[in-house]
Amino acid sequence: PAPSNVFGIGSEHPFANYWTCQGGLPEVMGVLPSKDQADILIAKYFEVVDPVYPMINRRTFYADYERFWAKGVNEKYKSDAAMLALHLVMYAMGTQFIEVPSYTERAQTAEFYVSASNQALRISSYLSHLSTRTVQAMVLICYFLMNDNHASDAWVFAGIVLRQAYAMGLNRDPDIIVPHASAAEKQQRRKLWQAVMFQDTFLTVLLKLPPTATHSDVSVDSLTEDPEPSGSPNSNDTSSSSNARIINQMSISAIAFSPSAPEPPPPPPPVSSLPDPYYDPVTAKDDVSYIRSMWQLANLVQENLCSPLSLSLPLFSSPRHRASLLSSFRSTHRNFPPSLTLLDYTALQQLAVTQPRRVRQNLFLTSNYYHCLMVLQANVNEAA
């Protein structure tokens with residue numbers, strides 16, 4: 001019999017094959033936009049996508065980004081393929097939100113960039129060699145696939161993301177698993193795990209499939225406001241150890257040889273009095289409150305919606321149980337910051353003028369919350 005599509009949508013392979021066997025990284029480099037175009041797409045990414053997936057340290061990213069574009073062609077060929085994959089999927093996400101006359105042209109360009117990102121991941125051997133950039137790129141590819149009507153592919157790709165996040169130990173308390181890491185790196189790990197976890201949670205509740213990001217000892221309360229940047233924005237000390245490639249711990253070499261004790265972190269760079277154009281303390285504070293809110297909602301959804309829905313079980317055992325669940329969701333929602341629960345249209349319009357990032361976070365959180373509330377309200381248990 002002919003194979004069937006898992007969810008009946010997105011039947012074509014998501015990554016068009018433009019690549020040759022021997023092309024390698026130079027072939028992928030050949031599809032990069034001009035620097036001016038790249039700047040526009042990255043700015044659009046940080047304007048539209050980063051507010052709802054605030055997992056990339058903008059200061060570190062831009063330092064790496066400008067350093068990459070300053071290199072000559074031959075030097076670019078030696079770049080980290082995972083970093084290039086991250087750049088390309090960010091171009092793809094930016095393209096999805098750029099206003100162009102032709103929808104078809106925009107879609108084709110975005111899909112071309114995401115295919116290039118996937119090829120760069122393949123060149124980086126992303127199934128066995130991991131880094132923060134690798135997981136960041138995969139999270140964004142999964143988000144792109146959901147936006148691009150490829151729910152089946154997004155579900156399968158999200159499974160790889162979760163396995164790799166577990167392999168990196170992102171689900172573990174950074175104070176336990178990487179005690180010598182800097183405060184900034186620990187913060188980065190928590191943000192990245194949260195992005196992986198709530199992407200998995202809300203994808204599974206939409207598709208009524210089992211949640212995967214369920215084993216973690218990272219606490220919501222452990223996420224604090226971003227530490228103040230400690231060095232000049234132009235400092236060379238931007239390659240956090242979290243971007244170092246990690247060999248799969250299930251490989252023969254990892255099993256046969258015990259790792260040596262971790263080296264203590266290098267001393268921090270000297271403090272600079274220069275203003276940092278990529279760090280805003282108000283934005284950092286707002287992002288943390290948004291991440292905590294999404295995290296709390298995801299924990300509630302995982303326990304009370306995802307697991308029973310995946311087994312076709314009723315969500316409640318009695319009318320009283322149902323009322324209790326609804327009360328838990330509403331109580332959680334009431335404890336979110338007021339700017340994230342604002343529903344008045346006029347007030348949202350006014351907030352969009354001064355804090356457009358906050359409005360995007362509000363709309364993303366609100367849409368997920370009310371979708372889950374609708375699922376709970378619509379669920380029927382005839383036995384109850």
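Reading the values: rules and limits
Residues numbered from 1 in each chain as written. Predicted model: local features only at pLDDT ≥ 70, side-chain atom pairs only at ≥ 80, totals over all residues. Heavy atoms only, no water. Helix = DSSP H or I, 4+ residues; strand = E, 2+ residues; numbered from the N terminus. Buried < 20%, exposed > 50% of the residue type's maximum accessible area, 1.4 Å probe, protein only. Contact = heavy atoms within 4.5 Å. Areas by Shrake-Rupley, 256 points an atom, 1.4 Å probe, with all protein chains shown as cover. pLDDT = per-residue confidence, 0-100. Expected span 1.5 Å × (residues − 1). Polar contact = N/O pair within 3.5 Å; in protein donor to acceptor, adjacent residues only side chain to side chain. Salt bridge = Lys/Arg side-chain N within 4 Å of Asp/Glu carboxyl O. Phe/Tyr/Trp six-rings, centres within 6.5 Å; stacked < 30°, edge-to-face > 60°. Lys NZ or Arg CZ within 6 Å of the ring centre and 35° of its normal. Disulfide = S-S within 2.5 Å. Axes fitted to C-alpha atoms, helices over the stretch in contact; angles between N-to-C directions. Parallel < 35°, antiparallel > 145°, perpendicular 65-115°, else oblique. Nonpolar A, V, L, I, M, F, W, Y, C, P; charged D, E, K, R; others polar.

Draft legend 1. Spotlight on the overall build of the protein. Counting its regular elements, the protein contains 16 helices and two strands. In the protein, buried positions account for 48% of the 384 residues. For the protein, the proportion of contacts with a sequence separation of at least 24, taken over those separated by at least 6, is 79%. Surface summary for the protein: the accessible area is close to 19100 Å², and the carbon and sulfur share equals 55%.

Draft legend 2. Expanded view of the confidence of the model for the protein. Taken over all residues, the pLDDT of the protein has a mean of 85, while the share at 70 or more is 83%. Contacts from residues 250-262, a stretch scored under 50 in pLDDT, to residues over four places away or in other chains number six contacts. Taken together, the stretch residues 270-274 has pLDDT below 50 and engages in eight contacts with residues farther than four places along the chain or on a different chain.

Draft legend 3. Representation of the side chain of Asp 64. The topology assignment puts Asp 64 in helix α3 (residues 58-70). Using a relative accessible area of 9% as the deciding quantity, one classes Asp 64 as buried.

Draft legend 4. Local environment of the environment of Pro 33. With respect to the secondary-structure elements, Pro 33 resides in the loop between α1 (24-29) and α2 (35-48). Exposure remark for Pro 33: the relative accessible area of 6% places this residue in the buried category. For the pair Pro 33 and Tyr 91, spaced 58 residues apart in sequence, the C-alpha to C-alpha distance is 8.7 Å. If sequence neighbours within four positions are ignored, Pro 33 has contacts with Ala 38, Trp 69, Tyr 91 and Tyr 113.

Draft legend 5. Main features of α3. Taking 1.5 Å per residue as the helical rise, α3 with its 13 residues ought to reach 18 Å, and the 18 Å between its terminal C-alpha atoms agrees with that figure. Here α3 has its buried residues at Arg 59, Thr 60, Phe 61, Tyr 62, Ala 63, Asp 64, Tyr 65, Phe 68 and Trp 69. For α3, the elements touching its buried residues are α1, α2, α4 (73-76), α5 (81-96) and α7 (132-147). Its side-chain oxygen at 3.1 Å from the backbone nitrogen of Arg 59, Asn 57 defines the N-terminal cap of α3.

Draft legend 6. View of the pattern of salt bridges. For the coordinates displayed, the defined rule picks out 14 salt bridges. Put simply, Arg 133 and Asp 64 hold a salt bridge, and the shortest N to O gap is 2.9 Å. Residue Arg 133 is located in helix α7, and its partner Asp 64 is located in helix α3; the two are separated by 69 residues in the primary sequence. Of the two residues, Arg 133 and Asp 64, both sit in the buried class. The salt bridge involving Arg 190 is made with Asp 175; its shortest N-O contact spans 3.6 Å. A residue pair is termed long-range when its members are at least 10 positions apart, and Arg 190 in helix α10 (residues 183-207) and Asp 175 in helix α9 (residues 174-177) qualify at 15 residues. Via salt bridges that share partners, Asp 50, Arg 58, Asp 287 and Arg 357 belong to a single interconnected network.

Draft legend 7. Region of the structure containing the packing of aromatic side chains. Taken as a whole and assessed by the stated rule, the structure comprises 17 aromatic pairs. Between Phe 61 and Tyr 65, the ring centres sit 5.6 Å apart and the planes meet at 25 degrees, which makes this aromatic pair stacked. Here the residue Phe 61 and the residue Tyr 65 both occupy positions in helix α3, the gap between them amounting to four residues, near one helical turn. Residue Phe 61 is classed as buried on the basis of its relative accessible area, which comes to 5%. What makes Tyr 65 buried here is its relative accessible area of 0%. Measuring from centroid to centroid gives 5.8 Å for Tyr 62 and Tyr 65, while their planes differ by 85 degrees, and the two rings are edge-to-face. Taken together, the positions of Tyr 62 and Tyr 65, both in helix α3 and three residues apart, correspond to about one turn of that helix. By the burial criterion, Tyr 62 is buried, and Tyr 65 matches it. Taken together, Tyr 45, Phe 46, Phe 61, Tyr 62, Tyr 65, Phe 68 and Trp 69 form an aromatic cluster joined through their ring pairs. Here the guanidinium or amino end of Lys 76 rests over the ring plane of Phe 68, the centre of that ring lying 5.5 Å away.

Draft legend 8. Region of interest: the state of the cysteines. Enumeration over the complete set of coordinates arrives at zero disulfides. Cys 306 takes part in no disulfide bond, and the closest cysteine sulfur to it belongs to Cys 372, at a distance of 7.4 Å. The buried category is assigned to Cys 306, whose relative accessible area is 0%.

Draft legend 9. Geometry of the packing of helix α15 (residues 345-354) against helix α16 (residues 356-378). Following both chains from N to C, one finds α15 and α16 inclined at 135 degrees, their axes separated by 6 Å at the closest point. One element, α15, and the other, α16, form an angle in the oblique class. Note on element contacts: α16 touches α15 through Pro 356, Arg 358, Val 359 and Asn 362, opposite Leu 348, Leu 351, Ala 352, Val 353 and Thr 354. By residue class, the composition of the contact of α15 with α16 is six nonpolar, two polar and one charged.

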